[in-house]
Amino acid sequence: MKKAEEIFQLLKDNFPASSLELKTDQPTEPILLASALEIDKLCLFLRDSSELLFDDLMNLSGVDEPKSGLLSVYYHLGSTKFKHKITLKVSTDRNKPEVSSVTEVWKASDWHEREAYDLLGIIFLNHPDLRRILMPYDWDAGYPLRKDYENPEFYQGMKVPY
Amino acid sequence: MGFLDKEFNDGNIVVATAEDLLNWARLSSLWQVSFGLACCAIEMMATSASHYDFDRFGVIPRPSPRQADIIIISGTVTLKMATRIKRLYEQMPEPKYIISMGSCANCGGPYWEHGYHVLKGVDRVIPVDVYVPGCPPRPEALLEGLLKLQEKIRNESMIKKTA
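Residues numbered from 1 in each chain as written. Chains lettered and ligands numbered in written order. Predicted model: local features only at pLDDT ≥ 70, side-chain atom pairs only at ≥ 80, totals over all residues. Heavy atoms only, no water.

A. Local environment of the pairing of strand β2 (residues 31–35) of chain A. Residue and element names in this part refer to chain A. Two strands pair when backbone bridges link them, and strand β1 (residues 21–23) and β2 are joined in this way by three bridges, in the antiparallel orientation. The residue of β2 that forms the bridge with Lys-23 is Ile-31. Here β2 pairs with strand β5 (residues 85–93) via five bridges, running parallel. Looking across to β5, one finds that Leu-32 is bridged to Leu-88. (Pairing = 2+ DSSP bridges. Helix = DSSP H or I, 4+ residues; strand = E, 2+ residues; numbered from the N terminus.)

Set out below in structure tokens:
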């Protein structure tokens, strides 16, 4: 079982060129900040490294941070063998939100990423099937969980507001 | 109604108007589309089960809208589901009736303000006969709604459809 600091050190040793940061001043567990376009490579290492074996993507969720102009994705990883956990966070520009998909690493991320795309409009590069998952396929009013989202007046002739 | 008045005095003769007879037949075998949406559907299933026994009013679930008389909208109607509900309703043969069950189907319920995906009342897409309030309504409330619907059918006229 490894602490977040040890996992962070391992990542830094193996990815010296990457910008990585560990935020420990958190009321929750420490958060490891990574870069959005490298997250797939980091995750593959986290899954396959014999000291880490993060075989379980427990959660993947998108967050809108309009004050800093960012859209972020949180990854909660766990290892069923070593029982350790880590939280990763990547941020991307709100106007061009692109994050590398981790579907090649964990199949479970497929629908999670589709949800983040559906509700926040985060584009996951190299996702095999990036469609809306909850909202109707022909929903063209935008992404409902963005803070500046405005609901449309009508959808297919049905009045939407109360 | 009273068309069974003379059943016991005059042998096997029953005197009734055709309207009364048809209405009685209709209200006594309201087959429902077996269709549920959310937590209200759990209460609807409880109503169908042995303790509350919907069947004693002639309500049997039918797995096809083409063989059904009523549809109970039991739960939150999302915009995505609304188009499907409309299609189900259009597939039902006349005469057909609708019970809107619970606050969500009535008016959007707790999603009335921030539910970007919720239709604020199923009566925006199909005509509702009886609204059953509650969140979710108890089986007794749904039974009361059904009795109200039966009352409505009992007073229907062949010439003019009131529902």
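Text resumes after the structure shown.
B. How the structure looks around helix α1 (residues 4–14) of chain A. The set of residues buried in α1 of chain A consists of Ala-4, Ile-7, Phe-8, Leu-10 and Leu-11 of chain A. Down the axis, α1 of chain A shows its buried residues gathered within 160° of arc, on one side only. (Buried < 20%, exposed > 50% of the residue type's maximum accessible area, 1.4 Å probe, protein only. Arc of directions from axis to C-beta.)

C. Region of interest: the sheet that holds β5 of chain A. All names here are of chain A. Strands sit in the order β1-β2-β5-β4-β3 across an open sheet of five strands; the sheet is mixed. Each end of this open sheet is capped by a strand with a single partner; those strands are β1 and β3 (56–65). Averaged over all adjacent pairs, the angle separating strand axes in this sheet is 25°, with direction ignored. Across the sheet, α1 touches β1, β2 and β5, and the angle it forms with β1 is around 170°. Here helix α3 (residues 109–120) sits on the sheet in contact with β3 and β4 (70–78), set at roughly 10° to β3. (Axes fitted to C-alpha atoms, helices over the stretch in contact; angles between N-to-C directions. Contact = heavy atoms within 4.5 Å.)

D. Seen up close, the packing of α1 of chain A against helix α2 (residues 39–48) of chain A. All names here are of chain A. Two numbers describe how α1 lies on α2: the axes approach to 11 Å, and their chain directions differ by 120°. Here α1 is positioned oblique relative to α2, judged by the angle of their axes. Seen along the crossing, α1 lies across α2 with a hand that is right-handed. Contacts between α1 and α2 pair Ile-7, Leu-10, Leu-11 and Asn-14 from the former with Leu-42, Phe-45 and Leu-46 from the latter. For the contact of α1 with α2, the class distribution of residues is six nonpolar, one polar and no charged. (Parallel < 35°, antiparallel > 145°, perpendicular 65-115°, else oblique. Left-handed = near helix turned anticlockwise from the far one by under 90°. Nonpolar A, V, L, I, M, F, W, Y, C, P; charged D, E, K, R; others polar.)

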